[in-house]
Every structure is written in C-alpha cells, then in structure tokens.
Amino acid sequence: MAPSGSRSMKKGCQRVLYWIPVLFIALIVAWSYYAYVLQLCIESIEHTGEKVLYLLVYHVIFVMFVWAYWQTIFTRPWNPLKEFHLSYSDKELLEREDRGESQQEILRRIARDLPIYTRTNSGAIRFCDRCQLLKPDRCHHCSVCDKCILKMDHHCPWVNNCVGFSNYKFFMLFLAYSLIYCLFITATDLQYFIKFWLAGGRAHFRLREYLNGLPDTQAKFHILFLFFSASMFSVSLASLLIYHCWLVCKNRSTLEAVRAPAFRHGTDKSGFSLGLSKNFRQVFGDEVKYWPIPVFSGLGDGCSFPTCLVNVDPEQPSTSPTGSNPANKSAAEGRQFPSKPLTESQSRLLTSTPSWSENDSATDRKGANNPGMAIENEA
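What you see is a predicted model, and the numbers here were worked out from it, not measured in a lab.

Student: I'd like to hear about the sheet that holds strand β1 (residues 118-119), residue by residue, with values.
Tutor: Across the sheet, which stays open at both edges, the three strands sit in the order β1-β8-β9 with antiparallel pairing between neighbours. Each of the sheet's edge strands pairs with one partner strand only, and the pair in question is β1 and β9 (266-267). Both strand β8 (residues 262-263) and β9 contribute to a ladder of two bridges, which runs antiparallel. Looking at β9, one finds that A262 is bridged to T267.

Here you go:
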C-alpha cells in the first residue's frame, strides 16, 4: 500500500504545481483590474466623460478576455471515439504477436474501416500502446495529461490544459482578447504615465526625488507599473498570436509545424490545407456571428479531416465516393462517428472541398509495399 499511496501523493502534488502558472496569471489580472479601475479611472482621471468611456470599454474587453481564458482552461480536450479503441479480442491478439510485421497486419485490418490517412515516418499504422487505440489523424498522446488528444496543438502550462480540437478556438480568442486588453490599457494609460514620468524628470531622475516629485497618492505606483506590464505583455502576446494565426491559415498545429504529418505517399506539411477560407472555418465555423464569441463553432468531429492529398487506399473498397451529404457538420451538434466504409466518410467530409489530387500510382505502390515495422508510441 505504501508505494500506491506514495504515487497518489506525488500525483496530487503535481496537480497542485500545475495550477501555479494559472494562479500567477489570475493574480496579475486581478491586480490590473484594481490598478486600472480604481487607481487610474476612479482616483486619477478627473473628466467624467472620459472616465465613463474608459470603464465601459474596459469592462467589455475584460469580460471577453476572462470568458475566453476560462473556456480554454476548463474545456475538456476531446479524446478519440470508441471506434478507434481496440476491442478485447484485438488486444489479446496483438499481445500474442511478438513480431512487428504481424502486429502491423492486425492494425491495418482494424484501420481498414476507419478514416485514417496518416502514418508514422516509417509507414506504420499510428498506434498508442498506453491508450490502446489507433490514433486518428492529427491525434497525439500528451505525456502530461497521459491521454490521446484530438488534433493536439500543445500542452499549455499557462492554462493547465491541452490545446486541441475542442478548445483551440478558445485559445485563439484568449490570445486575441488578452492582446486587446493590454493594448487598451497601454493606450489609455500612456498620457498619465508621461505626466508622472515628466514629473519624475523634474526631480532630477533620482529615485527618491522622482517618487517624491509625484502627487501624494499610491496611484502613481500602479499607473507606472501597469503601463510597463501591459507593454511587455503586448509584445509577447502579439508574437504568439501572429504565429498561431499563421498556423490557422495553413491549417497546421504546432506539432505539425515542427514535424510534418506523414501520409502513405510521404510527409507533407500542407497535407491538411484546403485554402485560407476553409482553413479558417475549420477552427471558427461557418457562422460569422459566433467567431468572436468563446463558444464552440468549429467544423468536424476531431477524428477525421478532409484533405486533397490522400489517394484512394488500395486496402479500402475501390468504389469512388458518392452522395451529397453536408460537409463537416458542427461538432456542437453531437460527436457522432459513422462506423462506415472509408469511402462514405470521405464523401461526408470532402463535399465542397477541392477534388483530390492524383499522385503517381507507382509512388503509391512503393509506399504500400514498404509499410514499416514500428508502432508509433508518442509520449
């Protein structure tokens, strides 16, 4: 019992430590609210119209910022659906095989009716032996959460959560509203910062005389530090937001930007890119009214993604996709994965998307005949 209790205590301590960055951000935001609302607007600004205007705009931005941050933290990352998990009989069959090629044959048989296009760099089926499942496209195992996350982007310590398919839009809005929050504070605080700075200059720039040269109020400290803090955060947030906007436009995750996804025909960093508009709508959805609001509006189920780079798999039924079902219904309507042949799921996902590009068939046959021996285990 001692080892088990020790492990439980260790995990409990780790869970507490993981919340420290979130608590740090919360304290900074709480202090910024106090400094801006009470010390700047109420104590320092004398003009009533300016005071009311600043407070109204500030609270709108503040609410959206906190709402997006809350959603990013507490939205549970989605995990692969049950169709991707091995059945009890498949687990036993896989455990009895000690050769990599035999295990790959079993995995290829299971993956035959699933919309899985990506492979490991060696050409093997992507399999997680910790979760005992076949990884859907763009799914990765998070070593911190110890589970497979759909369309995993990264594990963010500042939100103590994995950023993936279910909350990537919230993360983007969190970055955007936090940048707007910092820029608004910087812009409206600038004139009072300059006023105090010039007052400090007349005090010969020495610290004691500088502070004594300001008005006899604690607002001077908060206004000065508020401006510096908001300015510094603006720079870092702007660079991070620009990077993730670039990822959205290219339809890539952070992991895919570091290591391009591998298809049967080889690696392709733009394998999931459908064009700027469709890439953006995969994350933010089709309805413009929901774009600025931290509610889920993305397209798809997180387990399958349209791509114009995937050739018809010889292991799948040879009939061409048919039908005219709607493409990528919002996952907010319910996560339903059709346990149907690949061709039908392709029809559902690829309607209104660019037609598939046909690669050289000889290249396909070469990739199919060299599937690789290893089973991917991303920790």
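What follows picks up the thread again.
Student: If you had to explain the packing of helix α8 (residues 219-250) against helix α10 (residues 276-284) to someone new, which residues and values would you point to?
Tutor: Look at α8 against α10: their axes get within 7 Å of each other, and the N-to-C directions meet at 110°. Classified by the interaxial angle, the pair formed by α8 and α10 is roughly perpendicular. Listed contacts from α10 to V248, C249 and K250 of α8 are L276, N279, F280 and V283. Partitioning the contact of α8 with α10 into residue classes produces five nonpolar, one polar and one charged.

Student: Residue-level account of the pattern of salt bridges, with values.
Tutor: For the structure shown, the criterion picks out seven salt bridges. Among the ionic pairs, D90 bridges to R109, the shortest N-O distance being 3.1 Å. With D90 in helix α4 (residues 88-96) and R109 in helix α5 (residues 100-111), this residue pair connects regions lying 19 residues apart in the sequence. R109 gets classed as partly exposed once you look at its relative accessible area, which sits at 39%. Across the pair E256 and R138 runs a salt bridge whose closest N-O atoms are separated by 2.8 Å. Of this pair, E256 sits in helix α9 (residues 254-258) while R138 sits in the loop between β3 (133-134) and β4 (140-142), placing them 118 residues apart in sequence. For the pair E256 and R138, a shared accessibility class is recorded, and that class is buried. When salt bridges that share partners are traced, they join E101, E105 and R108 into one network.

What counts and how
Residues numbered from 1 in each chain as written. Predicted model: local features only at pLDDT ≥ 70, side-chain atom pairs only at ≥ 80, totals over all residues. Heavy atoms only, no water. Pairing = 2+ DSSP bridges. Helix = DSSP H or I, 4+ residues; strand = E, 2+ residues; numbered from the N terminus. Axes fitted to C-alpha atoms, helices over the stretch in contact; angles between N-to-C directions. Parallel < 35°, antiparallel > 145°, perpendicular 65-115°, else oblique. Contact = heavy atoms within 4.5 Å. Nonpolar A, V, L, I, M, F, W, Y, C, P; charged D, E, K, R; others polar. Salt bridge = Lys/Arg side-chain N within 4 Å of Asp/Glu carboxyl O. Buried < 20%, exposed > 50% of the residue type's maximum accessible area, 1.4 Å probe, protein only.

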